[in-house]
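# Fold and contact review
Now for the letters of each chain:
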Amino acid sequence: MSGGSWSRVTASIRVSRTYPRLSRRDHTTSAFAQTPQSSRTRPAKPDVVSSSPSATATIDPHALFSAEIARIQSQLCNLLTSSHPSLTEIASYYFRHPSKQIRPLLVLLFSRATNGLGSHFPVKAWAAEHSRLREEELDAPLTRPDVLCDFNPSMPDHTASFNMPFDLHSPSRRTYPSPPSSLYPSPSSPHVPVLAHSILPTQMRLAQIVEMIHVASLLHDDVIDKSPLRRGAPSGPAAFGNKLAVLGGDFLLGRASAAISRLGSTEVVELCAGVIANLVEGEILQMSPSDLPEGASIPLASSSTSPMSGVADNVDLNALHASPSTLHPALLSERWGTYLRKTYLKTAALMAKGIRAAVVLGGCRDGEVWKEVAYAYGRNLGLAFQLVDDVLDFSSSSSLGKPGSGADLRLGLATGPVLYAAEEYPELEVMIARAFDQEGDVERALTLVHASSGVARTRELALAHSDKAREVLQLLPPSDAREGLVALTERVVKRVW
């Protein structure tokens, strides 16, 4: 890109709003907007019957589900207890210092915004009352309890004693009624999408599960990063030691996996398992060379081969950078590809796949657009969320529990503001290459970032993703939940927490 600038590139790209009520402004600049092509058409908005009018006032998404969030928090204790008191203590530690609960909130919002739209929702609603997917039975193990041997003091104790040899037991099987055939759509009785304005027990449990996975990743991250604080309080490793923090995270993932298996959907199992793998891959991608075994390296993500599906198609990475630059455009693209891929794996994947799983539990089948809306929204919102988090790292506030300004720099990480600043101040390149490990590197990098437009440009990049998240919501019928999702796209980019 010759002689261009951020403003000139993005000013030539406008996103029109078909539904003005969802817009922050009449036109928005976005590095991700694509020029319309004859071979690619926008999905038609499906015909949906809405059983209630859209809310006209701005909705507080947290207030909308405050009772459900409180219930999720209180019920989590039953999933976290162990026969070992110390393990119970570390597993529940971060839940006693809760964050804004954005991940379970997203699951609840998308569940209510889409329940009734999927063609199998009548079957799911029936199962919530007549099968093992009832709230009362979601904790019941699929495997015989004396075989499962899950020592949970909050659950009935049916584990087998170790005081004597284990006897052979006669097999048993519990049966449940099958859904009436009339609940399934047919050519003579097609499904008519009508919002149910409800949340199923499995979706409530999923909201707990995504938070358990998130908290497990925080425990592991704080060990890796040697973080002394988390949410203004001593971190798990600082309070309990590294060994117990790692084991507590592992325990949370184990309990979450058992809960996932009881939701009755193999697709949801696959999505959640993929999230756990993504979190590990993202952490490896973020590791500095000094953290890797001798001779090992982390390949940069190529924009043409990135496994982060959709990046090469939807993002012109070269358009994100000002000119001139001391780096070859291909290296710039690879560096940003790696950064955005890592951001997706560590943050956006859980949001995107979590709410996609919620829509699956609501009866959305392959070929129905609701799953795609959920994933696109969650992916864009998640990227925007982390980009703003990277911006906040350059503020003087310690409210996030980070050790002051520039915490990522001290970990050797070059985030969006630094990558942008390096285009204006080439001396940052050598510091990025050595992961800011020489005396004075962090302080000098902070000075250069604050002197550059890196922070402002990263916020604009976050804004582009949040705009896209809001845009895909146009496919959903009006509801208070949809308005809550719209409000989140605003709050994520304006947040200071």
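Definitions and limits used
Residues numbered from 1 in each chain as written. Predicted model: local features only at pLDDT ≥ 70, side-chain atom pairs only at ≥ 80, totals over all residues. Heavy atoms only, no water. Helix = DSSP H or I, 4+ residues; strand = E, 2+ residues; numbered from the N terminus. Buried < 20%, exposed > 50% of the residue type's maximum accessible area, 1.4 Å probe, protein only. Contact = heavy atoms within 4.5 Å. Areas by Shrake-Rupley, 256 points an atom, 1.4 Å probe, with all protein chains shown as cover. Axes fitted to C-alpha atoms, helices over the stretch in contact; angles between N-to-C directions. Parallel < 35°, antiparallel > 145°, perpendicular 65-115°, else oblique. Left-handed = near helix turned anticlockwise from the far one by under 90°. Nonpolar A, V, L, I, M, F, W, Y, C, P; charged D, E, K, R; others polar.

### Some remarks on the overall build of the chain
Looking only at helices and strands, the chain has 20 helices and four strands in total. Across the 497 residues of the chain, 52% fall into the buried class. Taking as baseline every contact in the chain between residues at least 6 positions apart, the subset at least 24 positions apart corresponds to 77%. For the chain, the accessible area works out to roughly 22,700 Å², and carbon and sulfur atoms hold 55% of it.

### Looking at the packing of helix 5 (residues 102-114) against helix 14 (residues 370-392)
As a packed pair, helix 5 and helix 14 sit with axes 12 Å apart at the nearest point and diverge in direction by 155°. When the interaxial angle is binned, helix 5 and helix 14 end up roughly antiparallel. Like other packed secondary-structure pairs, helix 5 and helix 14 cross with a definite hand, here right-handed. Side by side, helix 5 and helix 14 meet where Ile 102, Arg 103, Leu 106 and Phe 110 of the first sit next to Val 373, Ala 374, Tyr 377, Leu 381 and Phe 385 of the second.

### Section: the packing of helix 8 (residues 201-225) against helix 11 (residues 266-286)
For the pair helix 8 and helix 11, the least separation of the axes is 11 Å and the interaxial angle reads 20°. Considering the angle they form, helix 8 stands roughly parallel to helix 11. Considering how the two elements wind past one another, helix 8 and helix 11 form a crossing that is right-handed. Taking contact as the criterion, the partners of Leu 206, Ile 213, Ser 217, Asp 221, Ile 224 and Asp 225 in helix 8 are, on helix 11, Cys 272, Val 275, Ile 276, Leu 279 and Glu 283. Of the residues that constitute the contact of helix 8 with helix 11, the class distribution is seven nonpolar, one polar and three charged.

### A few points about the environment of Phe 121
You can see Phe 121 is positioned in helix 6 (residues 121-130). Here the alpha-carbon distance between Phe 121 and Tyr 184, two residues 63 residues apart in the chain, equals 9.1 Å. Ignoring sequence-local partners within four residues, the contact set of Phe 121 consists of Asn 115, Gly 116, Ala 196, Ser 198, Leu 200, Gly 362 and Gly 363.

So yeah, pure geometry; function would need other evidence.
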